[in-house]
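Understanding the architecture of this molecule
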Amino acid sequence: MSKIFRAAAPLTSRIAPVLGAVLVLVGLIASSQLHLAQVTAGSTVTTDKNDYAPGETVAISGSGWIPGQPVALHIDESDNDLPWDASATPDAAGNFSNSDFVIQSHDIGVVFTLTATQGSVVATTQFTDVVGPGVALNGDPGGFEIQGGAVATAGGGHTDWIANGVGTTGLLTNPGGVPIDSTVTYRRLDAYNGTDDIFSGSHGINDNPNTYTWKTASAGNKGDLNNVYVHISKDSAGHRWVTASADRLSNNGTSFVDFELTQADLTQVTDVGCSSAPCGHFVTNPAGAVAGDPLFATGGRIVNDLLVTAQYNSGGALASVIVYQWKAVSGVYQWVDITASIGAASAFVATNTVDGVSVPYGAFGGTTYSKNQFVEMSIDATALIQANVDPCSGISVHSVFVRTKTSTSASSVLDDFVTPIATSFSAGRAAGTAASQSSARVAASRTRSCSSPAALASAGTASAAPALPKSAP
Ligand SMILES: [Ca+2]
Ligand SMILES: [Ca+2]
Ligand SMILES: [Ca+2]
């Protein structure tokens, strides 16, 4: 059966997921032991691929199970969609197979955790839909390796944050962690476990960024950032890619790190008179703080800003990603989930699923990461714009704002942040100059395929931004 059928599951299968979730939690917490258990018991569950596209069937197979006794199959999804439950009976050789689970288009960006249970024997595996670990062909030599580590795989021939011998390319010095080309690679070091700049008060992602305030205090451990890196590149097709990494002090629990790409310049300002100094607020340029400011009517952001949220969990689990676009819904400007529009090989995300992953430039006072302490992602921003804005339009990004929060709920409170990173690059057909933006508008008015009201509106909004300054990388 497909997942759509599963969504109408009877009450009994809504109770089963609770038990299943507990099993998965146990499984995730004891993930490293599980591998041992799998070996010891010889019971395994696997899928025919690690990553699937919507419409594909997941071929599940198991081996090493007691013949004739049912094995419960349970799949949890990182987007909290209803779990899926089924059962398979091992043959005389202890093998089973199941091909009832079909990936849906709304599952793009989701991580699936499959648990097989027979009595006290539990085996787990994970797979993804479109967005997972891989090599992002972002224009860097050999592509950027999104494998959940800061150091390139020896002999892999790829780019990573840190090189690793012949054929690999690093964007940072080793061990200093300093960007080798500061025009396309940016670094922010953030204080941790104490005198840190964090959000003050209760700010949500949809709030006007001109209302955000900050103070000096300790961030929540699982949302406490230390290293943030952002890298801009262009692939052979001229698409602009954004590659970024972040980390966290504690790997206990699920964390969410936002990489917000803002078309307005976003600046952290220090004030006097606020509590827990140093403290202050944030401002955008163009201004958006009060009625009459250019950005006030659109909630302090420019329409079509992008937000990429990486979710990383605990216990050796894969990371997932959610992508949002800033737009009006019933007249209210907010982040709208556009993850389902991500195309194949257009986005990658990974966390480190094992302990002891090397971080030569240092993190939280050490030189290794515990599992699920580091996350990196790479995304084709041009493809996102083309899919969601208009083939004739685009955006010009001026700041990258990296911060953490405790959930994907719109009411989730923002926690730690690093000082917004000033940059300048365009994605989509928004060119790096006001002149070419206006020619995009002219084209929009002349070409039927580009003449939708949305296209004109977005092009007009883009032109409201100040003309673009620094040289685009
Ligand atoms: Ca990497
Ligand atoms: Ca901070
Ligand atoms: Ca921090």
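Residues numbered from 1 in each chain as written. Chains lettered and ligands numbered in written order. Predicted model: local features only at pLDDT ≥ 70, side-chain atom pairs only at ≥ 80, totals over all residues.

Take the overall build of the protein next. Counting secondary structure elements, the protein contains six helices and 30 strands. A separation threshold of at least 6 residues defines the contact pool for the protein, and within that pool the share at least 24 residues apart is 64%. (Helix = DSSP H or I, 4+ residues; strand = E, 2+ residues; numbered from the N terminus. Contact = placed C-beta atoms within 7 Å.)

Cis geometry marks the peptide bond from N174 to P175; its omega dihedral reads 10°. Note that P175 resides in the loop between β12 (169-170) and β13 (185-189). Here the bond from N285 into P286 is cis, since omega is 10°, no more than 30 degrees from zero. Residue position: P286 is located in the loop between β20 (279-285) and β21 (306-312). The backbone phi angle of S276 is positive, close to 60°, even though this residue is not glycine. As for its placement among the helices and strands, S276 is situated in the loop between β19 (265-271) and β20. Positive phi, close to 55°, is recorded for F364, a residue that is not glycine. With respect to the helices, strands and loops of the structure, F364 is situated in the loop between β25 (357-363) and β26 (366-369).

This part is about the sheet that holds strand β2 (residues 51-52). Read from one edge of the open sheet, five strands run β2-β8-β7-β4-β5, paired in mixed fashion. Edge strands, defined here as strands with exactly one partner in the open sheet, are β2 and β5 (84-88). (Pairing = 2+ DSSP bridges.)

Bringing the sheet that holds strand β6 (residues 96-102) into the picture now. In space, the three strands of this open sheet follow the order β1-β3-β6, with antiparallel pairing throughout. Edge strands, defined here as strands with exactly one partner in the open sheet, are β1 (44-47) and β6. Neighbour-to-neighbour, the strand axes of the sheet open up by a mean angle of 20°, direction not taken into account. Judged from the four bridges that link them, β1 and strand β3 (residues 57-63) form a sheet pairing that is antiparallel. Across the sheet, residue T47 finds its bridge partner in β3, namely I60. (Axes fitted to C-alpha atoms, helices over the stretch in contact; angles between N-to-C directions.)

The next thing to look at is the nonpolar core. Soluble, globular proteins show a tendency: their nonpolar side chains are buried together. Formed by 111 residues in total, the largest nonpolar core has its most connected members in V349 and M377. Both domains that furnish three or more residues to this core are identified here as domain 1 (3-129) and domain 2 (134-461). Excluding residues within four positions of it along the chain, M377 makes contact with I146, A244, V308, A310, V321, F348 and V349. (Core = buried A, V, L, I, M, F, W, Y, C linked by C-beta atoms within 7 Å. Buried ≥ 20, exposed ≤ 12 C-beta atoms within 10 Å, placed from the backbone. Domains from an automatic or database assignment.)

So, about helix α4 (residues 381-388). Burial analysis of α4 places six of its eight residues in the buried class, which makes it a mostly covered element. Turning to α4, its buried residues number three or more, namely A381, T382, A383, L384, I385 and Q386.

Our focus in this paragraph is the pairing of strand β15 (residues 213-217). Taken residue by residue, a regular strand's side chains alternate between the two faces of the sheet. The pairing of strand β14 (residues 196-200) with β15 spans five bridges and is classified as antiparallel. Within β15, the position partnered with I198 by the bridge is K215. Note that β15 and β20 share two bridges and pair antiparallel. Each residue of the ladder has a partner; that of T213, found in β20, is H281.

Of note, V184 is situated in the loop between β12 and β13. Residue V184 is classed as buried on the basis of its 20 C-beta neighbours within 10 Å. Between the C-alpha atom of V184 and that of S233, which follows or precedes it by 49 residues, the distance is 7.0 Å.

Moving on, we come to the environment of N285. With respect to the secondary-structure elements, N285 resides in strand β20. Assessed through the 15 C-beta atoms surrounding it within 10 Å, N285 is described here as partly exposed. A sequence separation of 15 residues divides N285 from G300, and the C-alpha atoms of the two residues are 9.4 Å apart. Among residues more than four places away in sequence, those in contact with N285 are A264 and D265.

Let us look at the confidence of the model for the protein. Chain-level pLDDT for the protein is 85 on average; 82% of the residues reach the 70-or-more range. Here residues 431-473 is a poorly scored stretch, pLDDT under 50, and it has 72 contacts once near neighbours within four places are set aside; other chains count. (pLDDT = per-residue confidence, 0-100.)

Let us now look at the environment of G331. The residue G331 is located in the loop between β22 (320-329) and β23 (332-337) in this model. Under the C-beta neighbour-count criterion, G331 is labelled exposed, with 5 such atoms within 10 Å. Sequence-wise, G331 and T298 are 33 residues apart; in three dimensions their C-alpha atoms are separated by 9.3 Å.

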